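# Coordinate inspection notes
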Amino acid sequence: MSENEIFAAFRTHERWIAEAMKEARLAADKGEVPVGAIIVRDGQVIGRGHNQVESLRDPTAHAEILAIGAAGGHGESWRLEDTTLYVTLEPCTMCCGAILLARIASVVFGASDPRAGAVVSTGRLLDGNPYLRQVEVVGGISAGDCGAILSDFFQSRRD
């Protein structure tokens, strides 16, 4: 991959993470932990989600799970083999399982989650998985902005 191609890919990832940040802000406005996710296929958003654990009283209502559900109903199949998941926070164990089951091709995340992130922080659940699916992972895209919205949210809760 040439330097120009790497730069173009980085810019594309930044653009889509910015779109996921819109979802994170919706979560924050509802008093939810501000995590947002989108699923992109062929340059189009086909699924969106933001954390709704509290409002739905559902521990599985993570941004990624809701975006995957929305994207699965978008096309002819629930298989998301040709898609990229963009999420503002490193996915947890549950979300990694859903990513694998949905057959998502790549995951791009913003901030790492040293406590519960299962992509690179506490485990590498997308690597060497039992489904023998290769999942491309790119982390740290707009990590400062993605981390700041979380820090601000939790700081406001403590104040």
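The rules behind each value
- Residues numbered from 1 in each chain as written.
- Predicted model: local features only at pLDDT ≥ 70, side-chain atom pairs only at ≥ 80, totals over all residues.
- Heavy atoms only, no water.
- Disulfide = S-S within 2.5 Å.
- Buried < 20%, exposed > 50% of the residue type's maximum accessible area, 1.4 Å probe, protein only.
- Phe/Tyr/Trp six-rings, centres within 6.5 Å; stacked < 30°, edge-to-face > 60°.
- Helix = DSSP H or I, 4+ residues; strand = E, 2+ residues; numbered from the N terminus.
- Lys NZ or Arg CZ within 6 Å of the ring centre and 35° of its normal.
- Arc of directions from axis to C-beta.
- Pairing = 2+ DSSP bridges.
- Axes fitted to C-alpha atoms, helices over the stretch in contact; angles between N-to-C directions.
- Contact = heavy atoms within 4.5 Å.
- Right-handed = clockwise from strand over helix to strand, strands pointing away.

## What about the state of the cysteines?
In this structure the tally under the stated criterion is 0 disulfides. C92 supplies the cysteine sulfur nearest to C96, a cysteine that is in no disulfide, at a spacing of 6.9 Å. Classification of C96 as buried rests on a relative accessible area of 1%. Of the cysteine sulfurs around C146, a residue in no disulfide, the closest is that of C95, at 15 Å.

## Section: the packing of aromatic side chains
All told, the structure shown has 2 aromatic pairs when counted by the stated rule. Aromatic side chains W16 and Y86 sit 6.4 Å apart centroid to centroid with 40° between the ring planes, which places their arrangement in the tilted category. Residue W16 is located in helix α1 (residues 3-29), and its partner Y86 is located in strand β3 (residues 84-89); the two are separated by 70 residues in the primary sequence. The pair formed by W16 and Y86 is uniform in burial state, with each residue classed as buried. Residues F153 and F154 carry aromatic rings whose centres are separated by 5.1 Å and whose planes lie at 80° to one another, so their mutual orientation is edge-to-face. Between the NZ or CZ atom of R15 and the centre of the ring of W16, over which it lies, the distance is 4.1 Å.

## What about helix α3 (residues 63-72)?
Those residues of α3 that sit buried are A63, E64, A67, I68, A71 and G72. Viewed end-on, α3 has its buried residues packed into an arc of 155°, placing them on one side of the element.

## Side note on the sheet that holds strand β2 (residues 44-50)
What the 5 strands build is an open sheet, ordered β2-β1-β3-β4-β5; its pairing is mixed. Strand pairing shows two members of the sheet lacking a second neighbour, β2 and β5 (136-138), which therefore form its edges. Within the sheet, the average angular offset between the axes of one strand and its neighbour, ignoring direction, is 15°. The sheet contact formed by strand β4 (residues 106-111) and β5 spans 3 bridges and is parallel. Looking at the pairing, S106 lines up with E136 of β5. Relative to β4, helix α5 (residues 143-158) is tilted by about 60°, and along the sheet it contacts β3 and β4.

## Remarks on the pairing of β4
Most of β4 is tucked away, with 6 of its 6 residues classed as buried. Here 5 bridges tie β3 to β4, and the two strands are oriented parallel to one another. Bridged to L89 within β4 is A111. For the crossover that starts at β3, traverses helix α4 (residues 93-102) and ends in the parallel β4, the hand is right-handed.

## A short note on the environment of V35
By the secondary structure assignment, V35 is in the loop between α1 and β1 (36-41). Given the relative accessible area of 4%, V35 is considered buried. Along the primary structure V35 and F10 are separated by 25 residues, whereas in three dimensions their C-alpha atoms are 21 Å apart. Not counting the four nearest positions on each side in its chain, V35 is found in contact with E23, A24, A27, G49, H50, N51, A63, V87, T88, L89 and L150.

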